[in-house]
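One-letter residues, chain by chain:
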Amino acid sequence: MKMKIFLKRLFEKKTTCIFVALVLVIVLAGLLAGVLAPYNPLEQVLDDKLQMASSAHLMGTDHLGRDMFSRVLYAIRTTLGFAALCTCLAAMIGISLGILAGYIGGVLDMVIMRFCDILYAFPGLVLVMAIVGFIGVGIFNVVIGMLLTQWLWYARVSRNLTVAEKTRSYISAAKVNGASGLKIMTGHILPNIIPNMLAIFTVDFGHTILSISGYSFLGLGVQPPGAELGAMINEGRNYINSDPWLIFWPGIVVLIVVVSVNIIGDNMRDALDGTK
Amino acid sequence: MLKYAVKRILLIIPILFLVSVFAFGLVRLMPGNAEMAFLQAAGIPPSDEALEHAAEELGLNRPITEQYTEWLGKAVHLDFGESFTSHKVVREEVLGALRNTAILAGFSTLLILIISVPMGVLSAVRADKELDHMNRILAFLGSSMPSFWLGPLLVQLFCLKLGWFPVQGFGTLRHLILPGFTMAVLYIATYSRTLRNSLLENMNRRFVMYSRARGISEKKIVMNHVLRTSLIPAVTTFGVNFGHMMAGTAIVEILFSWPGIGRLCVGSITSRDYPMIQGYIVVISVIFVLVNLITDLITVALDPQMRESL
């Protein structure tokens, strides 16, 4: 029920509809990269390098003669795909541990929350640098490093919400009716905290896009010649004076997606304030 | 307050212990083994004899607890040996780079304060008017801006087109402005909004009504009373973010060729300079933990309500 009210309030705002549509278009463009891209994103045609935008190359070509439009499409898939993977895993780990800690309480709660406190004291960046530095560069290692601290936020908030939710009368009613602990956690508590988690997830997704492309920009994530938005900016930045579109297109895509996601997240927070 | 301070200070012991175990254990997580990495980095062909010598050198033949205590004894003095690639002392390199990063982060913090406080106050005073809406849009753009994109664009505009600032380099104030600003954008966006919201919240509180009744001018109320109360929560976020800034300047440092610690670390990762990476991890973690500690203590000391509840 709470979800319905939340969604209704969320989509009452025009800005939500506009930006959700915008994000969907970009996500679809990434998903359909294989169909939409006119060229192979890795194919180098050195004779055609650094061309301006034309009907043959909608966004021009890069310093190795690869079609920028095709590369941007594939890069959207890579960047958003890894960001989604990372955020979903973090949310799953965090919410499961949070609900368990909040519902069962006692020693388990204390152990999980102390563990959170200690991990919270580490800067996430150092963990990623450490993993990448000692195990090796690559996008999967970056994702693992990011996951180490990313779940904390979900765990803390879902734990506190669960503690508050646990005392409500519908939970006692479910208990009296003989529902098992697992059933109460997944069937009753989880659906009621999902709107809050969705708001966190949305903002976190935006952050993660910036981090994933940031690490790839630094050369620690997706490796060349793979198409990734941050990595493309790194490759193109030496040509900024003569051929600025090499960094313009990947950058503007990141900016549009992250701005949209942040605005949706902000509207979600407003909608949540209304459902209380 | 004292009880809280003691408790809070004690909490850093397990954290620092974990940092040390983590930094020490990393070498053992490496693919292949540490001896091989050592030889590869030194450019020695891996014969049996050389491997044995390397194991001896790295102390890998001894029991692990002994290795740990010896490592810890050195780590306390920031002794991580020599860089694999440049053969300079890691301690000197890391501390030198840290100083440069501190200059950049400090300057950036100054920019954040100078810009976000007036922005926050003005949008709170003119809440829901044009200026506030403009600030809201700027805040969304700023907090979503990839710094690795903004940086090159600023360089293109201000260095190459207008020629106002040098493209890269180090030493004068003119070198600081663009990297400092690139770093500050995200924080300016978030702080000016947080400050605006907390100002508006405090404007509705009772002490403001009393001050108005006493005939104090609106300007004085905002500047002397409301702003002061609203800045307390800002101290917390500020401290935490300063810790992040010290660790997280790699992108800006690389963009502007600033010889700081983030750039040093990324360079060391690319060249597999393990002692250097280890030095970075320990130094940054300790700084982060200490900055958090100081921030927590200041927050509690500043806020009378929190002070009494402890």
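Residues numbered from 1 in each chain as written. Chains lettered and ligands numbered in written order. Predicted model: local features only at pLDDT ≥ 70, side-chain atom pairs only at ≥ 80, totals over all residues. Heavy atoms only, no water.

Moving on: the overall build of chain B. When helices and strands are counted, chain B shows 14 helices and zero strands. Element order for chain B, N to C, with α for helix and β for strand: α-α-α-α-α-α-α-α-α-α-α-α-α-α. By the compact-globule yardstick of 19 Å for 310 residues, chain B is too spread out, its C-alpha radius of gyration being 24 Å. Each principal axis of the C-alpha atoms in chain B carries an extent, and together these give about 85 × 60 × 30 Å. (Helix = DSSP H or I, 4+ residues; strand = E, 2+ residues; numbered from the N terminus. Rg over C-alpha atoms; globule rule 2.2 N^0.38 Å.)

It is characteristic of soluble globular proteins that their nonpolar side chains tend to be buried jointly. Formed by 143 residues in total, the largest nonpolar core has its most connected members in Met-129, Ile-209, Leu-218 and Leu-220 of chain A together with Trp-71, Tyr-280 and Ile-281 of chain B. Of all the elements, helix H11 (residues 245–275) of chain A adds the most residues to this core, at 15 residues. Residues Val-121, Ala-124, Val-208 and Ile-221 of chain B belong to the second largest nonpolar core, which totals 10 residues. (Core = buried A, V, L, I, M, F, W, Y, C linked by side-chain atoms within 4.5 Å. Buried < 20%, exposed > 50% of the residue type's maximum accessible area, 1.4 Å probe, protein only.)

Residue and element names in this part refer to chain A. With the rule as written, the count across this model stands at 19 salt bridges over all chains. Arg-269 is the partner of Asp-266 in a salt bridge, and the nearest nitrogen-oxygen pair spans 3.9 Å. A residue pair is termed a helical-turn pair when its members lie 3 or 4 positions apart in one helix, as Asp-266 and Arg-269 do in helix H11 at three residues. (Salt bridge = Lys/Arg side-chain N within 4 Å of Asp/Glu carboxyl O.)

Turning next to the interface of chain A and chain B. In many analyses, interface size is given as the accessible surface area lost on bringing the parts together. Contact with chain A, which involves 37 residues of that partner, is made by 42 residues of chain B. For the chain A and chain B pair, buried surface summed over both sides reaches about 3,600 Å², with 81% attributable to carbon and sulfur atoms. The tally of links between chain A and chain B comes to one salt bridge. Of the charged contacts, one joins Asp-266 of chain A and Arg-136 of chain B as a salt bridge, the two residues approaching to 3.4 Å between their closest N and O atoms. Here chain A is connected to chain B by three residue pairs in polar contact (both at pLDDT 80 or more). It is H11 of chain A that contributes the most residues to the side of chain A that touches chain B, 11 residues altogether. (Contact = heavy atoms within 4.5 Å. Buried area = accessible area lost by both parts, 1.4 Å probe. Polar contact = N/O pair within 3.5 Å; in protein donor to acceptor, adjacent residues only side chain to side chain.)

Glancing now at a negative patch on the surface. All names here are of chain B. The grouping of Asp-48, Glu-49, Glu-52 and Glu-56 at the surface amounts to a negative patch. Summarising the element assignment, Glu-56 is placed in helix H3 (residues 48–58). Given the relative accessible area of 56%, Glu-56 is considered exposed. (Patch = residues over 30% accessible without salt bridge, like charges linked within 9 Å, V, L, I, M, F, W, Y side chains within 5 Å. Areas by Shrake-Rupley, 256 points an atom, 1.4 Å probe, with all protein chains shown as cover. Lys, Arg positive; Asp, Glu negative; His and termini not counted. Charge placed at Lys NZ, Arg CZ, Asp CG, Glu CD.)

Here the focus is the confidence of the model for chain B. Scored by pLDDT, chain B comes out at a mean of 83, with 91% of its residues at no less than 70. Scored as a complex, the prediction yields pTM 0.89 and ipTM 0.88. (pLDDT = per-residue confidence, 0-100.)

So, about the side chain of Glu-253 of chain B. Residue and element names in this part refer to chain B. Here Glu-253 lies in helix H11 (residues 250–255). The charged side chain of Glu-253 is buried without a salt bridge, its nearest counter-charge being Arg-263 at 6.9 Å. The residues contacting Glu-253, other than those within four sequence positions of it, are Thr-101, Leu-104, Trp-258, Gly-260, Ile-261, Gly-262 and Arg-263.

Our focus in this paragraph is the packing of aromatic side chains. The geometry of an aromatic ring pair comes down to the distance between the two centres and the angle between the two planes. In this structure the tally under the stated criterion is 15 aromatic pairs over all chains. Taking 6.5 Å as the distance between ring centres and 5° as the angle between the ring planes, the aromatic pair formed by Phe-201 of chain A and Phe-205 of chain A counts as stacked. Remark: Phe-205 of chain A and Phe-201 of chain A occur in helix H9 (residues 181–217); sequence separation between them is four residues, near one turn of the helix. Looking at Phe-201 of chain A, the relative accessible area reads 22%, which means it is partly exposed. Overall, the relative accessible area of 14% leaves Phe-205 of chain A in the buried class. An angle of 75° between the planes, with centres 5.1 Å apart, marks the rings of Phe-248 of chain A and Trp-249 of chain A as edge-to-face. Exposure remark for Phe-248 of chain A: the relative accessible area of 34% places this residue in the partly exposed category. Here the aromatic cluster, defined as three or more aromatic residues joined through ring pairs, consists of Phe-17, Phe-24, Tyr-68, Trp-71 and Phe-80 of chain B. (Phe/Tyr/Trp six-rings, centres within 6.5 Å; stacked < 30°, edge-to-face > 60°.)

Moving on, we come to unusual backbone geometry. In the segment running from Pro-224 of chain A into Pro-225 of chain A, the intervening peptide bond is cis, with an omega of 10°. Tracing the chain through its elements places Pro-225 of chain A in the loop between H9 and helix H10 (229–236). With phi around 60°, Asp-128 of chain B is a residue other than glycine that occupies positive phi space. Phi angles above zero are rare outside glycine, and Ser-257 of chain B is one such case at about 50°. Relative to the elements of secondary structure, Ser-257 of chain B occurs in the loop between H11 and helix H12 (261–270). Of the residues examined, Ser-257 of chain B reaches a relative accessible area of 24% and is grouped as partly exposed.

Turning to a nonpolar patch on the surface, a few remarks are in order. Residues and elements named next belong to chain A. A contiguous nonpolar surface patch, about 550 Å² in accessible area, is contributed by Val-27, Leu-28, Leu-31, Leu-32, Val-35 and Leu-36. For the nonpolar patch, the elements supplying multiple residues, two or more each, are helix H2 (14–31) and helix H3 (33–36). Of the residues forming the nonpolar patch, the biggest block, three residues, is contributed by H2.

Residues and elements named next belong to chain A. Close contact between helix H4 (residues 68–104) and helix H5 (residues 106–120) brings their axes to 7 Å; oriented N to C, the two are set at 140°. Our classification of the angle between H4 and H5 gives oblique. Between H4 and H5 the crossing geometry is left-handed. The segment H4 lies against H5, with Leu-97, Leu-100, Ala-101, Gly-102 and Ile-104 engaging Gly-106, Leu-108, Asp-109, Ile-112 and Met-113. Here the contact of H4 with H5 is built from residues that sort into seven nonpolar, two polar and one charged. (Axes fitted to C-alpha atoms, helices over the stretch in contact; angles between N-to-C directions. Parallel < 35°, antiparallel > 145°, perpendicular 65-115°, else oblique. Left-handed = near helix turned anticlockwise from the far one by under 90°. Nonpolar A, V, L, I, M, F, W, Y, C, P; charged D, E, K, R; others polar.)

Residue and element names in this part refer to chain B. The geometry of helix H1 (residues 2–26) relative to helix H13 (residues 274–302) is characterised by a closest axis approach of 10 Å and an angle of 165° between their N-to-C directions. What the angle tells us is that H1 and H13 run roughly antiparallel. Crossing geometry of H1 relative to H13 is assigned as right-handed. The segment H1 lies against H13, with Tyr-4, Ala-5, Arg-8, Ile-9, Ile-12, Ile-15, Leu-16, Val-19, Ala-23, Phe-24 and Leu-26 engaging Gln-278, Ile-281, Val-282, Ser-285, Val-286, Val-289, Leu-290, Asn-292, Leu-293, Asp-296, Leu-297 and Val-300. For the contact of H1 with H13, the per-class residue count stands at 18 nonpolar, three polar and two charged.

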